[in-house]
Amino acid sequence: MSDDNRDAATDETTLACIQVVELVTAYLEGDLDPHTRHRLDEHLAVCPPCQVYLEQMRQTIDEVGSVPVENLPEETRADLLDAFRAFHSTDNPSSD
Amino acid sequence: MHRTDVSIAVLEAPRPLTPSVALPSRGDRRYGCTTDRSALAEVRVPDAGVREAAPQDAALADRLRNGDADAFAHVVASYSPAMLHVARGFVSTSASAEEVVQEAWLAVIKGLDAFEGRASLRTWACRITANIARRRGVLDARTVPWTDAFADGDADGGPTVDASRFRGADDRWPGGWTEVGAPATWGPERAALDAEARAVVAEALSRLPDRHRTVVALRDLHGLSAEEVCDALGLTMGNQRVLLHRGRAQLRQLLEDYHVSKEGPR
């Protein structure tokens, strides 16, 4: 908590840390209205802990992106391929 | 439910889940996404392609309609992981989710003519999966309908960071981080997390509440856009963001706990 952060608590046009942490997703999504976005940028500029928090949210998002994905079992996918072939072999009866 | 019960209903866009939000006009259906307009108005659309399938999707759909088995094998391999996450949002076991996804693919096979290219092919397949999974979840009497969860505001209300980490209302700096509550940096050497941390994230993701896990996985793991997630799950933009925020915040906290336990308390 830096002394600069005093403004965030006393000036009602700025945001407190407890509000910032609930706005980070909207901020990262680009969903904040310009005024709120500006207030949040101003807060971040003077509040290292909130900068850390935001950076950790970004790191978290990155890490989720590296979680191994699960897929359907090979056998199930083969069954589906058979079903696909069967469907297309019957729905196109010879026209002559 | 019976395999043969794949009706056209599962191919349709889901109904909006939040009664408290104004219902979209019928015209919104052309987007296939039941977003609430007020939320959309302030939202930047990051990917214009959401509204119309990419050209390669239209070409892919044509190949599928023509019975191209290679194309089908490709989409099954690439879309099924996201579809499994969709299914797990509604049913309780992996086995059940696999059955739902299998059923969804059968619906896709039979329903390809109904694909109009208004969403991406993957989003369309995810929406079909959600419709089938939702039904099955109700039959299993297992899931709290997503809409009820929003109505009671329980799991999706309240702060995402422990309030004790912030200064009280009578403090000189109300709502600011306390000395001990402030998050400590994970350190530059931690910027790329090690294999152990990665396992922590995978485990944490799997343990998130269904709705949070589903949205976080679709967005941050499978790379769907906000609009695509709304389209697939029948969420408003606002609710999608709430679920995403709460899910990400829980994961961040679990990662913080991991780092603190690893490096010791400050």
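Our structure's up above, just so we're on the same page.
This report concerns the structure included in the present document. (Residues numbered from 1 in each chain as written. Chains lettered and ligands numbered in written order. Predicted model: local features only at pLDDT ≥ 70, side-chain atom pairs only at ≥ 80, totals over all residues. Heavy atoms only, no water.)

## Re the packing of aromatic side chains
(1) Moving on: Evaluation of the coordinates by the stated rule reveals six aromatic pairs over all chains.
(2) Moving on: Arranged with centres 5.9 Å apart and planes meeting at 40°, the rings of Tyr53(A) and Trp177(B) form a pair that is tilted. Here Tyr53(A), found in helix H4 (residues 48-64), pairs with Trp177(B), found in the loop between helix H6 (146-152) and helix H7 (195-207), and the two come from separate chains.
(3) Moving on: For Tyr53(A), a relative accessible area of 1% puts it in the buried group.
(4) Moving on: A ring pair is formed by Tyr79(B) and Trp105(B), whose centres lie 6.3 Å apart and whose planes are at 15°; its orientation type is stacked. Taken together, the residues span a long stretch of sequence, with Tyr79(B) in helix H3 (residues 69-88) and Trp105(B) in helix H4 (residues 94-111) at a distance of 26 residues.
(5) Moving on: The exposure class assigned to Trp105(B) is buried, which follows from its relative accessible area of 2%.
(6) Moving on: For the cation-ring pair, Arg37(A) lies above Tyr27(A), with the distance from its terminal atom to the ring centre recorded as 4.6 Å. (Phe/Tyr/Trp six-rings, centres within 6.5 Å; stacked < 30°, edge-to-face > 60°. Helix = DSSP H or I, 4+ residues; strand = E, 2+ residues; numbered from the N terminus. Buried < 20%, exposed > 50% of the residue type's maximum accessible area, 1.4 Å probe, protein only. Lys NZ or Arg CZ within 6 Å of the ring centre and 35° of its normal.)

## Considerations on the layout of surface pockets
(1) Moving on: Estimates place the volume of the largest pocket at around 360 Å³.
(2) Moving on: Along its surface, the largest pocket is lined by 16 residues, and Glu70(A), His85(B), Arg88(B), Ser206(B) and Arg213(B) are the ones closest to its centre.
(3) Moving on: At the level of secondary structure, the elements contributing two or more residues to the lining of the largest pocket comprise H3, H4, H7 and helix H8 (210-221) of chain B.
(4) Moving on: Top element by residues in the lining of the largest pocket is H3(B). It accounts for four residues.
(5) Moving on: Broken down by class, the residue content of the lining of the largest pocket amounts to eight nonpolar, four polar and four charged. (1 Å grid on protein atoms, 1.4 Å probe; cavity = no way out; pocket = protein on both sides within 12 Å on 5 of 7 lines; lining within 4 Å. Points joined across faces, edges and corners; volume = space filled by probe spheres on them. Nonpolar A, V, L, I, M, F, W, Y, C, P; charged D, E, K, R; others polar.)

Take it as geometry only, folks, not as evidence of what the structure does.
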